[in-house]
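Single-letter residue listing:
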Amino acid sequence: MTDLLPNFVSGQWQNGKGAGTALYDPVLGTELVRVDAHGLDLAAAFAFARHQGGRALRSLSYAQRAAMLGAAAKVLQANRDAYYDISIANSGTVKNDTAVDVDGGIYTLGTYAKMGEGLGNVHYMLDGQPARLAKDPLFQSQHVLTPTRAVALFINAFNFPAWGLWEKAAPALLSGVPVIVKPATTTAWLTQRMVKDVVDAGIFPAGAISVICGSSAGLMDQLQPFDVVSFTGSAETAAVIRSHRAVTHLSVRVNIEADSVNCALLLPSEAADSQAIDLLAKEVAREMTVKSGQKCTAIRRVLVPEKLYDTAAQAISARLAKTTLGNPRNDTVRMGAVVNREQFDAVHTGLSHLKAQAAVLHDGRSHALVDADAAIACCVGPTLLGTRDAAGSDAADRIHDTEVFGPVATLVPYRNDDLDHALQLIGRGQGSLVASVYGTDPAALARASTELASCHGRVHVVSPDVASMHTGHGNVMPQSLHGGPGRAGGGEELGGLRALNFYHRRAALQASTAVLTQLEQHP
Ligand code: NAP
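Remember, it's a predicted structure, so these values are computed and weren't measured experimentally.

## A few points about the overall build of the chain
Per the secondary structure count, the chain includes 16 helices and 24 strands. The globule rule puts the C-alpha radius of gyration for 523 residues at 24 Å, and the 24 Å found for the chain is close to it. Reported as C-alpha extents along the three principal axes, the dimensions of the chain are approximately 70 × 70 × 40 Å. In the chain, which comprises 523 residues, the share counted as buried stands at 58%. Considering only contacts in the chain between residues 6 or more positions apart, those separated by 24 or more positions represent 79%.

## A few points about the sheet that holds strand E5 (residues 31-35)
What the 3 strands build is an open sheet, ordered E1-E5-E4; its pairing is mixed. Among the strands making up the open sheet, the edge pair consists of strand E1 (4-5) and strand E4 (21-24).

## Notes on empty space enclosed by the protein
Applying the stated criterion across every chain yields a total of 4 cavities of 30 Å³ or more. Reported here for the largest cavity is a volume of approximately 70 Å³. Put simply, the parts of the chain that give the lining of the largest cavity at least two residues each are helix H5 (163-175) and strand E23 (493-494). The residue inventory of the lining of the largest cavity, partitioned by class, reads 5 nonpolar, 2 polar and 4 charged.

## Some points on helix H9 (residues 275-289)
Over its 15 residues, H9 runs 22 Å from end to end, which matches the ideal 21 Å to within 8%, given 1.5 Å per residue. When you tally the buried positions in H9, you get 11 out of 15 residues, the bulk of the element. Those residues of H9 that fall on the buried side of the exposure criterion are Ala276, Ile277, Leu279, Leu280, Ala281, Glu283, Val284, Ala285, Glu287, Met288 and Thr289. If you check the start of H9, you find a side-chain oxygen 2.9 Å away from the backbone N of Ala276, and it comes from Ser274. Once H9 finishes, Lys291 follows within two positions and takes phi at roughly 50 degrees, a positive value.

## Structural notes on the state of the cysteines
Summed over the entire model, instances satisfying the criterion amount to 0 disulfides. Free of any disulfide, Cys378 has its nearest cysteine sulfur in Cys379, 7.4 Å distant.

Reading the values: rules and limits
- Residues numbered from 1 in each chain as written.
- Predicted model: local features only at pLDDT ≥ 70, side-chain atom pairs only at ≥ 80, totals over all residues.
- Heavy atoms only, no water.
- Helix = DSSP H or I, 4+ residues; strand = E, 2+ residues; numbered from the N terminus.
- Rg over C-alpha atoms; globule rule 2.2 N^0.38 Å.
- Buried < 20%, exposed > 50% of the residue type's maximum accessible area, 1.4 Å probe, protein only.
- Contact = heavy atoms within 4.5 Å.
- Pairing = 2+ DSSP bridges.
- 1 Å grid on protein atoms, 1.4 Å probe; cavity = no way out; pocket = protein on both sides within 12 Å on 5 of 7 lines; lining within 4 Å.
- Points joined across faces, edges and corners; volume = space filled by probe spheres on them.
- Nonpolar A, V, L, I, M, F, W, Y, C, P; charged D, E, K, R; others polar.
- Expected span 1.5 Å × (residues − 1).
- Polar contact = N/O pair within 3.5 Å; in protein donor to acceptor, adjacent residues only side chain to side chain.
- Disulfide = S-S within 2.5 Å.

This is the structure:
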């Protein structure tokens, strides 16, 4: 039998009391480890984190907590090889895809360590300037942000076991709020191992960080009025979280990062020989294949003017054709597996659903498997679909509201010279995490991106001058906001120090100026 991974709660490593759920290698089909959370005293675990962890963290200043984040990033860096091994085995990812998760997580942690240093040795933050409440400036209102005296519960998705942990934990811990992370069961191993390394290094005070692997049963029931929950995952589970009593009756603050039908837009003014087409094709092919398309930010719809439909289809397909698919341990392989058989089946079901309204422009089945057994390995070749003409894009509804969580995208032509038509089609996705725009005219790019801004958490603009330096449509940078309105969940994460707002409570202090000048001042 494989090892049962312990949970870390109440300051101790504790095994679940059940037989455990097995985690598998999606390429080889072998069992790797087991996780289990049955029988844990969750009430005690939450109380320990909330009281011991919270008190200890809040006694430190932002700068001191930032130093701890920096120390944790160093520990993770030192153990990076082990994380790569776990990721290849449990997520079926090639090295470049593992980097997005593992190195992305460490980078995010390190970035918050640096940003936190600048907050100095204070214990709360001032929000804006004092505002005069009386004729005489002696009585004023000053808003303050103090760390919430509670615990942050993170319920994470399977696709980013490393980054998903740290992009949430870094701002929470920097804020002085203890965290309890529940990774998705399928890939919980990497999250558990990273927490273990940081706990073993003794960096954070007891109760600051806990990990519970396995069933989510009972977790939401532990939440109390000042606690916060940050969820990443499907819209269905998001609805369950939102309707839980903790949220509806106790006002537990909730952040939701859900699924999203993201798009890429080629501007109508571009000519057939525009460099923007190549930049678009490169980005679309990359987004479809990185992590086998299992990125919440991946491009799902590609909007191009009707007249450039064939050109774009050929450019993207030519790039996809070069993708070698199979066992990530083979150096010639560029794309590994999806995470498990369930996702493999879900991608195929989703593809059939979309194919009823779109033609196949590049067929994923044309990719032979390298070093892998097709009967076992959960590998899916990249498939580009297309709606042929603008009328087809209008008629198809599935392509606008279906997120196939795999290497699948649809080319969506819009009427020539009609940006409004493109924007209208994009709007049918009902809000997303990220839209990218491709073009050569700075004024037209600025116009289109501000049009898109109200419905997308991030607008990524690609023009030839930034061809070699832009950070990528799907890469989430800690400096920029992550989250999107509408079906993307309505959440907000990262965005530099903005992320700390979620873990603080804002209050107005109404007092004499003499009192307000006694408040801690930031450097
Ligand atoms: P999921 O099935 O919704 O699971 C997400 C998490 O919720 C897992 O940890 C899961 O635990 C837990 N969970 C399931 N049922 C629950 C319940 N009743 N109460 C509390 N927790 C519960 O999503 P997934 O399949 O892991 O992730 C894929 C989806 O996530 C995609 O739709 C993708 O777009 C989205 N996603 C969004 C973002 C973003 O930042 N916006 C990032 C990544 C992924 P178990 O694993 O134990 O079931």
